[in-house]
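Summary of the model geometry
Letter by letter, the chains look like this.
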Amino acid sequence: MIVVFGSLNIDMVMQLDKMPRPGETVLCPNYQLISGGKGANQAIAAANTGASVKLFGKVGQDEFGRIVMASLKKTSVDLVGVSESQAASTGCAAIYVDKQGENIIAVASGANLEAREDEIPDYLLSHETTLLVQMETPAEENWKLIRRAKKYGARVLLNLAPAYPIPEDIFPHLDVLILNQVEAALLALELHFEVISPLVVPRRLAARYGITCIVTLGKQGSIACSPDGTWEVKAMDVQVVDTTAAGDAFVGVLAASLDTGMDLPLALRRASVASGLACLHKGAQASLPTNRQIEENLKQVMVPRRTG
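Here we summarise the structure given alongside this text. Every chain is numbered on its own, with residues counted from 1 as its sequence reads. Owing to the predicted nature of the model, reporting of local features is limited to residues with pLDDT of at least 70; listing and counting of side-chain atom pairs is limited to 80 or more, with chain, interface and lining totals taken over all residues. The basis for every side-chain value is the complete set of heavy atoms in the structure, and neither hydrogens nor water enter the calculation.

Looking at a nonpolar patch on the surface
Residues Val182, Leu186, Leu189 and Ile196 make up a contiguous nonpolar surface patch of roughly 360 Å² in combined accessible area. You can see Val182 is positioned in helix α4 (residues 181-190). Candidate patch residues must exceed 30% relative accessible area and have no salt bridge, after which like charges are joined if within 9 Å and Val, Leu, Ile, Met, Phe, Trp or Tyr side chains if within 5 Å. Calculation of accessible area relied on Shrake-Rupley with a 1.4 Å probe; when residues are assessed, cover is drawn exclusively from the protein chains displayed. A pair is scored as a salt bridge if a Lys or Arg side-chain nitrogen falls within 4 Å of a carboxyl oxygen belonging to Asp or Glu. To qualify as a helix, a DSSP run of H or I must reach at least 4 residues; to qualify as a strand, a run of E must reach at least 2; elements of each kind are numbered from the N terminus.

A closer look at the packing of helix α1 (residues 38-47) against helix α6 (residues 246-259)
At a closest axis distance of 7 Å, the pairing of α1 and α6 adopts a crossing angle of 50°. When the interaxial angle is binned, α1 and α6 end up oblique. Our pair here, α1 against α6, has a crossing hand that is right-handed. Contacts from Lys38, Asn41, Gln42, Ala45 and Ala46 in α1 reach Asp248, Ala249, Val251, Gly252, Val253 and Ala256 in α6. Grouping the constituent residues of the contact of α1 with α6 by class yields 6 nonpolar, 3 polar and 2 charged. Structural elements are reduced to axes, namely lines fitted to C-alpha atoms, with helices fitted over the stretch in contact, and the angle between N-to-C directions of any two is expressed from 0 to 180 degrees. Note on angle classes: values under 35 degrees are labelled roughly parallel, values over 145 roughly antiparallel, values of 65 to 115 roughly perpendicular, and the remainder oblique. Here a crossing is taken to be left-handed if its near helix is turned anticlockwise relative to the far helix by less than a right angle, and right-handed if that turn runs clockwise. In what follows, residue pairs with any heavy atoms lying within 4.5 Å of each other are defined as contacts. Side-chain classes are defined by residue name, with Ala, Val, Leu, Ile, Met, Phe, Trp, Tyr, Cys and Pro counting as nonpolar, Asp, Glu, Lys and Arg as charged, and the others, Gly among them, as polar.

Some points on the nonpolar core
In this structure, Leu8, Val53, Leu55, Leu72, Leu254 and Leu268 are the most contacted members of the largest nonpolar core, which totals 50 residues. Not counting the four nearest positions on each side in its chain, Leu55 is found in contact with Val4, Leu8, Gly39, Ala40, Ala43, Leu72, Val77, Asp78, Leu79, Gly81 and Val82. By nonpolar core we mean a set of buried residues, namely Ala, Val, Leu, Ile, Met, Phe, Trp, Tyr and Cys, connected to one another through side-chain atoms within 4.5 Å. Think of it in three bands: with a 1.4 Å probe and only protein chains considered, a residue is buried below 20% of the maximum accessible area for its type, exposed above 50%, and partly exposed in between.

Observations regarding the side chain of Thr137
Within the fold, Thr137 resides in the loop between β8 (130-133) and α3 (139-151). Under the rule applied, a polar contact is a pair of N or O atoms within 3.5 Å (in protein, one hydrogen donor and one hydrogen acceptor; residues adjacent in sequence only if both atoms are side-chain atoms). A polar contact is formed between the side chain of Thr137 and the side chain of Asn142, at a distance of 3.1 Å.

Quick word on the environment of Gln86
Along the polypeptide, Gln86 turns up in the loop between β5 (78-84) and β6 (91-97). Here Gln86 falls in the exposed class, since its relative accessible area comes to 67%. Sequence separation between Gln86 and Glu114 is 28 residues; the distance between their C-alpha atoms is 10.0 Å.

Remarks on the packing of aromatic side chains
Here a Phe, Tyr or Trp ring, Trp counted by its six-membered ring, pairs with any other such ring whose centre lies within 6.5 Å, and the pair is stacked when the planes are under 30 degrees apart, edge-to-face when over 60, and tilted otherwise. Counted by the stated rule, this structure contains 1 aromatic pair. Ring centres 4.2 Å apart and planes at 10° place the aromatic pair Phe171 and Tyr209 in the stacked group. Within this pair, whereas Phe171 is found in the loop between β9 (155-159) and β10 (176-180), its partner Tyr209 is found in helix α5 (residues 201-209), the two being separated by 38 residues in sequence. Of the two residues examined, Phe171 and Tyr209, each falls in the buried class.

A short note on the side chain of Thr49
Turning to its location among the elements, Thr49 is positioned in the loop between α1 and β4 (53-59). With a relative accessible area of 16%, Thr49 lands in the buried category. Each residue touching Thr49, except ones within four places of it in the same chain, is listed here: Val253, Ala256, Arg270, Asn291 and Ile294.

Focus: the sheet that holds strand β2 (residues 9-15)
Working definition: the strands of a sheet are paired by backbone hydrogen bonds and lie parallel or antiparallel to each other. Each pair of strands is called paired provided DSSP finds at least two bridges between the two strands. With mixed pairing, the 4 strands of this open sheet are ordered in space as β3-β2-β6-β7. Where the open sheet ends on each side, the last strands, each with one partner, are β3 (32-36) and β7 (103-108). Taking the axes of each pair of neighbouring strands and ignoring which way they run, one obtains an average angle of 25° across the sheet. With 6 bridges connecting them, β6 and β7 associate as antiparallel partners. Paired with Val97 across the strands is Asn103, a residue of β7. Here helix α2 (residues 63-72) sits on the sheet and contacts β2, β3 and β6; the angle it forms with β2, its principal contact strand, is near 95°.

Some details on unusual backbone geometry
Note that the residue after Ala161, namely Pro162, is joined by a cis bond; omega there is -5°. Mapped onto the secondary structure, Pro162 falls in the loop between β9 and β10. A positive phi angle, near 60°, is found at His192, a position not held by glycine. Tracing the sequence through the fold places His192 in the loop between α4 and α5. Judged by its relative accessible area of 69%, His192 falls in the exposed class.

Some points on α5
Among the residues of α5, those classed as buried are Val201, Pro202, Leu205, Ala206 and Tyr209. Across the axial projection of α5, the buried residues extend over an arc of 125°, all falling on one side. Looking at the packing, one finds that the buried side of α5 touches β10, α4, β11 (212-216) and β12 (222-226). Think of it as the arc spanned by the lines of direction from the helix axis to the C-beta atoms.

Overview of the pattern of salt bridges
For side chains of opposite charge, pairing can occur when their charged atoms come near one another. Taken as a whole, this structure holds 16 salt bridges when the rule is applied. A salt bridge links Arg21 to Glu24, with the shortest nitrogen-to-oxygen separation between them at 3.3 Å. You can call Arg21 exposed: its relative accessible area is 58%.

Right under this line is the structure:
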């Protein structure tokens, strides 16, 4: 079983010819309101593979919250842990997507700041549970939950998105840490690494803390380092439409694959395919692939090559 503690947002998506520079106004014909949030996206990505997923988080008592919940109710994600804030509005992300499919995102946290880890009962954090956490909910709530989850034997995956300093005592409680290139560089600076290369950071973290660290590299795929070795993961070759939620697809499918007992290289392969498929469609949750789609496209990504 997978327990996700994370954000639920409404995404306001604008398709632009080019990204605005500071002080510049850029026009586009229209915008879309789409259900999103890293917690919700990753929960759906995992559930789409057939995994049993429970989501814990907050929305506001507003129209955006109703849109988010209506969208989630169409999925197989268990929403018993999602509650309404009495005062805060639903989180909202402004997402700008250019002609190359790259995006820039700003998030107003809203009700996500009221998410509390103690709403997750202890019995859900057993050795049969994979806990998935990101950084769009309060950091201190994440750290308390991670400590508690490890105490009860759960597997813990942290997607450090957006980037945030990690307390020293948290690292040993993690099983898997997932970052993109920017997040890896910022974490390296925070830890005073003399080298901030995204290829060096996962090796250093794996060696220092005995965890698995994965850095996603966009079109270059990803690199994964664990105490048992290092793997280079190829990206799926796709014509990118929108990269929004590609990272969430990777994380959610990786968590679901590991939760079934799949070994790391095969889980990485499935996650890479899911990430590539998510780039083929506009928006976040609508772009997340099904298990059948992943299986049908597995041949497009080789089993990761061990390099160390």
